[in-house]
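A closer look at the structure
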There are 2 protein chains.
Amino acid sequence: MSAEIDLRPEQIVAAAVDILRESGLDAVSMRSVASRLGVTPPPVYARIGNKDALLDAVADHFLADLAPAVDRDELWPDYARRWTGQLRQRLTEAADSRLFLQVKRPAYLEASRPLLKCMRRDGMDRDRAVRACRLLTWATVGFVAMDHPPLDAPRRRNRLAGSDPAGVTAEEVDELFSAHIDYLIDGIQRES
Amino acid sequence: MSAEIDLRPEQIVAAAVDILRESGLDAVSMRSVASRLGVTPPPVYARIGNKDALLDAVADHFLADLAPAVDRDELWPDYARRWTGQLRQRLTEAADSRLFLQVKRPAYLEASRPLLKCMRRDGMDRDRAVRACRLLTWATVGFVAMDHPPLDAPRRRNRLAGSDPAGVTAEEVDELFSAHIDYLIDGIQRES
DNA sequence: ACCTGAACACCGTTCAAGT
DNA sequence: ACCTGAACACCGTTCAAGT
């Protein structure tokens, strides 16, 4: 009689995501994930490899199917605003910058492909489009990293919901992000 | 006979910085720092508090005396380019984004005061200047965080010196940073 | 073949015991 | 008063042992 358990990699990632949502990234350990699945660590290692690989998979989970569809008569600047907004939302959901700074660059590259295609369609040459995507992606990830420092779960301070100790309100942050992206788009357009 | 040891907080921070430079942020532990100072952990706790406080102090170390002097007839856009360049250099020295994303915002606010003053001197109104500083600071920190992900020391991959696996060379990164900052400066100027 | 239990070498942090 | 040694509750990871 085999004691084998139906333990697919997606279930492991899902368990990690659940723990992340409930208790923060610091609560995600090989042991806590295994335990949530009713298993000891070795079976998890057999499926996922190690903790880095698990966190990569969790990050990929948040970036999956990120890009919205391009509207037929939508120019790239408008699409870029929607795309970066979407990326920002996904990263914000992950709620811990350590997770998505550690994600390998190829994942962002993959996610930015529709944006690149939209720029090419509007006549931007390949090098410029690649550079523009890089600029917008880095700016968005960097911005969210700054906006959601990794001091949430472990060192919970006086972070009252809605009021920020540093004196920056959520509206100001939204406005800052929009302005940031608009300035970049303006600059990219002006160079073409 | 007292076994008391001359152990000042600055020495503790210096030891942590040394370990960070030599072996990366993951090698900085309360135990490794204590051990380098020839001491057990409790005396370190007595001086510094805990690990978060130690890392805050290490981050402050890298941001200390950051702002270059403002030249007499230098307009704020030029100074902003120098200031963000300096900030980028300091953050790059720290070499691990986890360190400076975790630094409390007041440290950046302090560092940006000369930039704010320079903008005010050039006639920008207070709200605009505060917003512009925030934009430039966040963009710089975010950019460096993206450029130096925390996968250096622990998970050392095939990161050949000079050649980047993601296909972005150091020159391209420099150019990307300059362009990013220039676009922001242009945008800020255009709104005034 | 695949899981469990236990181990190894680490953490951050605290505390009784020594001097 | 202040340091040491040891402990507690965790890590990531591996491996012999069981079934």
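Below is a summary of the structure that appears in this document. Just so you know, these numbers come straight off a predicted model, no measurement behind them.

**Remarks on the pattern of salt bridges**
- Summed over all chains, the structure comprises 34 salt bridges over all chains.
- Linking R88 of chain A and D147 of chain A is a salt bridge whose minimum nitrogen-to-oxygen distance equals 4.0 Å. A residue pair is termed long-range when its members are at least 10 positions apart, and R88 of chain A in helix α5 (residues 76–94) and D147 of chain A in helix α9 (residues 126–147) qualify at 59 residues.
- The partner of R134 of chain B in a salt bridge is E172 of chain A, and the shortest N-O contact between them spans 3.4 Å.

**Examining the protein's contact with DNA strand D**
- Contacts to DNA strand D come from 16 residues, most closely from R31, Y45 and K51 of chain A together with E4 and T40 of chain B.
- Each atom of DNA strand D within 4 Å of the protein was assigned to sugar, phosphate or base; sugar and phosphate come to 56%.
- R47 of chain B places a side-chain nitrogen or oxygen 3.2 Å from a phosphate oxygen of DNA strand D.
- Sorting the residues of the surface near DNA strand D by element identifies α2 (30–36) and α3 (41–48) of chain A together with α3 (41–48) of chain B as the ones contributing at least two each.
- Tallied by class, residues from the surface near DNA strand D come to eight nonpolar, three polar and five charged.

**Some points on the interface of chain A and chain B**
- Each partner contributes to the interface: chain A provides 41 residues, whereas chain B provides 41 residues.
- Between chain A and chain B, the buried area comes to about 3,800 Å², and carbon and sulfur atoms account for 63% of it.
- Its largest share of buried area at the contact with chain B, chain A owes to W138, M146 and Y183 of chain A, together 23% of the area lost on that side.
- The tally of links between chain A and chain B comes to four salt bridges.
- Measuring nitrogen to oxygen at the nearest pair gives 2.5 Å for the salt bridge that ties E175 of chain A to R131 of chain B.
- Across the contact surface, chain A and chain B share nine residue pairs in polar contact (both at pLDDT 80 or more).
- Only α4 (51–63), α6 (97–101), α7 (105–111), α9 and α10 (170–190) of chain A provide two or more residues apiece to the side of chain A that touches chain B.

**Side note on the protein's contact with DNA strand C**
- Around DNA strand C lies a shell of 16 residues, among which E4 and T40 of chain A together with R31, Y45 and K51 of chain B are the nearest.
- Counting only atoms of DNA strand C within 4 Å of the protein, the sugar-phosphate share comes to 56%.
- Measuring from a phosphate oxygen of DNA strand C, one finds a side-chain N or O atom of R47 of chain A at 3.2 Å.
- Between M30 of chain B and DNA strand C, the recorded distance is 3.0 Å, taken from a backbone N or O atom to a phosphate oxygen.
- Secondary structure elements with two or more residues in the surface near DNA strand C: α3 of chain A together with α2 (30–36) and α3 of chain B.
- Here the residues of the surface near DNA strand C are counted per class, giving eight nonpolar, three polar and five charged.

Reading guide: rules and limits
- Residues numbered from 1 in each chain as written.
- Chains lettered and ligands numbered in written order.
- Predicted model: local features only at pLDDT ≥ 70, side-chain atom pairs only at ≥ 80, totals over all residues.
- Heavy atoms only, no water.
- Salt bridge = Lys/Arg side-chain N within 4 Å of Asp/Glu carboxyl O.
- Helix = DSSP H or I, 4+ residues; strand = E, 2+ residues; numbered from the N terminus.
- Near = heavy atom within 4 Å.
- Polar contact = N/O pair within 3.5 Å; in protein donor to acceptor, adjacent residues only side chain to side chain.
- Nonpolar A, V, L, I, M, F, W, Y, C, P; charged D, E, K, R; others polar.
- Contact = heavy atoms within 4.5 Å.
- Buried area = accessible area lost by both parts, 1.4 Å probe.

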